[in-house]
Amino acid sequence: MWRMAKTVAIVAVVGLALAMIGRALIDDNQYAIQQKEIPKKLETNAMDQLMAEDLALTTSMFLKQLSAQLQRWADADLSDVEIQNRFEEEVSEHAHFNGFALLHNDQPDVTVGDMSVSNPNLITHHHMSSEFSDPYQVDGKMYMLMGEETKGGQKILGEIDLSFVKAFIRNTAAVADASGNFFVSGDNPNIDWKTTADLPESIRSVTVPELGWQIAVQSEQPEKEKLTYVEHQAVIKFKRPQSNLTWFDEHPDLDVVRQNDPFYVVENDKESTETLIKRLQRDYDLAFVEPNYVFSQTGTTALSTVPNDEFFAPYQWNLEQIEMSEGWNLSGGDNVTIAILDTGVDPDHQDLKDKLLTGFNAFDDSSDHSDAHGHGTHVAGVAAALTNNVTGIAGVSWNSNILPVKVLNDNGEGSSYEVAKGIYWAVDNGADVINMSLGDYYHADVLQDAVRYAYENDVVLIAASGNDNVQDPMYPAQYEEVLTVAAVDDSRNRAFFSNYGQHIDVAAPGAHIPSLFPNNQYTVMSGTSMAAPHVAGLAGLVRAMRPDLSVEQVYEVIRNSARDLGTEGHDEYYGHGEIDVAGTLQSLAGN
C-alpha cells in the first residue's frame, strides 16, 4: 500500500512538473509574435523612377485611345441628324470627352456635346497625326484640346477632361505641361511643386513624348514603426469546433468580428495584441492563436496568333517575350476559372465584364467585388482579359473565366484572415487556378491551412514573390504548395525590385506591364504582382489543354519548360527560368 502511494505521488509530481513545463512552453510561445526587420535594399528613387516611367507609358496609351475615338467620330457623316443624336448620347457616356467639333475654316461647323473651349489656335503640340493644346482650367477642372485631320481634309477637335490623369497618379506624382508648369499633383505636400525648376536634384522626371509633359514621382516615406497586424485582434481555431459556443460564453470580453468556421477573429479593444495572444495561447481548447497579420498587394472563335487588340502590338512586349502567340495555337484556356484574390475587379470593364463570374467580398460576405484601387483589375487583365476584340489589351488565358475575390480593401490592404477566407471561398466556388499578387513576411497558420485546403482540392496556387529586393520569403509565396513567381524586365534580366531566394519557382515579365484599370481605362504598372498573373494565365492554358494533370504535375511542366536564365539550373533569382508558354504547351501536345 505504501509503495503504491509512493508511486502515485511520484507520478503526480512528474505530471505536475510536466504540466508546469508545458505551461512555461506555452508562455514562451506568446513571444512568437513575429517581429521581423526586413532590410530594404531598394533605393526609393529607383522605385519612383520606375513608377514615373509606368505613368508616362499609361499617358501614351490614354492618348492613343482618345485618338482612335476621335478618328472614329471623324469618319462618320455628322451632317446626318440621326448620327449626330447617336453621338450626343455616346459623348455624354464617354468618360473623357466633354465634346467634339468638326471645324470648317477653323470655325466649328458641327458640335456634339458640351465644349467649353473650341479654339484651334490653342493647339501648339504635334505628334504624328494628332495635335494637342496645353492643359487649361475651367470651373476648377482641367481640360485639353486634341485635334485630328479627317480623311476629307477637315479637322475634328475634341475637348478632353483630364480627371483620369488625376486618378491614376494618385498622391505620389505630379505632371507638368510642356512649359514645365505642374498642372496636376496629388495631396502629398512633398510633391506640391509649381514648376520643374522646383524639383529636388534627386528626382528625375520622365517625359511623355506625345505632349512633352513631364511626370515626377516622390513616394511618401514609410512610417518608422508600422504595425504588421491588426491591433487588439487574434485569429483562433478550436481543437473541438463543437465547444465554441460554450467557450464564447466563458469569454464575454471577446467580440467575434469575423468567422469562417473553423476560424474566428476575436477582438478586445481594451487589450493589446501581445497581451491578448499571450492570454489565449494558454487556453487548451484552442488549436492555435495568432495575430491577424496585415497583407498588401506586392504596386480574353477561333484563335489568331496575332490578336487585333489595339495595345497588343505597340505595348505588350511582355506577351511576345514569353512566346504567347505560338502558345495560343494550342490552348485558349477554355472551361477554366481563374480566381483573382486582390482588391476586387471592376465589374463593368469592357475588357473583362463578359467573362466575370459572381465574385465574393471577404470583408462583408457579399458579392460586391468592385475595385476602387485598381490593382486587382490590372492583375485580372494580365491573366485573362478579353482578347481579339479590337479593344484594349490581350490576356494570357483569353478564354478563361475570372472569379473575383476581394480580400484587399480600397487601400490595397487586408489581413491573413480575409486572404484565407477568400481562398476557401474560391476553392468551394469552382476555381481551377488562384492568383495571389499579395503577401507579407509573416507565417500565419490560418493562411497555411487555407493554402493546404486548396492544394488538396486540386487548385493551382500562384503567388508573387514581393517587391523589396530582399531574400526574406513572403507568405503565401514561401509555402511549398504554392508556385512562386519573380519578375524580369524586357531584357530578361531580374527586375531590380524582385524578391529572391531558393523558394522562387519561375520568373515572368513584371516591369512596365500594360493592363486594365477601373472605368474602362488602361494603365502600365510594375511589380511581381504583374508577373504572377502571367503564370496564372499559363496555368489556365495548361489546365484547359490537360485537365487530367494534378496540381503538382502542372507545376512541374511549367518549371521544366521554363527558359533557363542566370546560372545554369535552378537559382535564387530566376528559379527555373522565365516561363515559356509555347514550350510548355508544346511539351504537353507531344504527350
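Residues numbered from 1 in each chain as written. Predicted model: local features only at pLDDT ≥ 70, side-chain atom pairs only at ≥ 80, totals over all residues. Heavy atoms only, no water.

Engineer: Please clarify how the packing of aromatic side chains should be interpreted in this entry.
Structural biologist: Aromatic ring pairs are defined here through the distance separating the ring centres and the angle between the ring planes. Applying the stated criterion to the full structure yields 20 aromatic pairs. An angle of 80° between the planes, with centres 5.3 Å apart, marks the rings of Phe 238 and Trp 247 as edge-to-face. No difference in accessibility class separates Phe 238 from Trp 247, as the two residues are buried. The interplanar angle of 0° and the centroid separation of 4.7 Å between the aromatic rings of Trp 328 and Trp 398 together place this pair among those described as stacked. With Trp 328 in helix α9 (residues 324-328) and Trp 398 in the loop between α10 (375-384) and β19 (401-406), this pair connects stretches of sequence that are 70 residues apart. According to the relative accessible area criterion, Trp 328 is buried, its value standing at 0%. Among the aromatic residues, those joined into a cluster by ring pairs are Phe 238, Trp 247, Phe 248 and Tyr 264. (Phe/Tyr/Trp six-rings, centres within 6.5 Å; stacked < 30°, edge-to-face > 60°. Buried < 20%, exposed > 50% of the residue type's maximum accessible area, 1.4 Å probe, protein only. Helix = DSSP H or I, 4+ residues; strand = E, 2+ residues; numbered from the N terminus.)

Engineer: How should unusual backbone geometry be read in this particular structure?
Structural biologist: Note: most peptide bonds trans; most residues except glycine with negative phi. Cis geometry marks the peptide bond from Tyr 475 to Pro 476, where omega comes out at 15°. Mapped onto the elements of the fold, Pro 476 is located in the loop between β23 (460-464) and β24 (483-488). In this structure, Asp 139 is a non-glycine residue whose phi angle is positive, near 50°. Given the relative accessible area of 79%, Asp 139 is considered exposed. Positive phi outside glycine occurs at Asp 365, with the angle close to 65°. Tracing the backbone through its elements, the reader meets Asp 365 in the loop between β18 (360-361) and α10.

Engineer: What's the story with the sheet that holds strand β13 (residues 255-260) in this structure? I'm lost.
Structural biologist: Hydrogen bonds between backbone groups are what pair the strands of a sheet, and the pairing can be parallel or antiparallel. Strand order across the open sheet formed by four strands is β13-β14-β12-β15, with antiparallel pairing between neighbours. The sheet is open, and its two borders are formed by β13 and β15 (286-290), each paired with just one other strand. Across the sheet, the axes of successive neighbouring strands diverge by a mean angle of 25°, strand direction being ignored. Of the strand pairs in this sheet, strand β12 (residues 233-238) and β15 are connected by four bridges, and their pairing is antiparallel. Bridge pairing in β15 places Lys 237 opposite Phe 288. The strands touched by helix α11 (residues 416-428) are β12, β13 and β14 (263-267); relative to β13, the strand with the most contacts, the crossing angle is about 30°. (Pairing = 2+ DSSP bridges. Axes fitted to C-alpha atoms, helices over the stretch in contact; angles between N-to-C directions. Contact = heavy atoms within 4.5 Å.)

Engineer: Explain the environment of Asp 410 here, please?
Structural biologist: Mapped onto the elements of the fold, Asp 410 is located in the loop between β19 and β20 (413-415). Sequence-distant contacts of Asp 410, defined by excluding residues within four places in its chain, comprise Ala 372 and His 373. At 3.1 Å, the side chain of Asp 410 forms a polar contact with the side chain of Lys 406. (Polar contact = N/O pair within 3.5 Å; in protein donor to acceptor, adjacent residues only side chain to side chain.)

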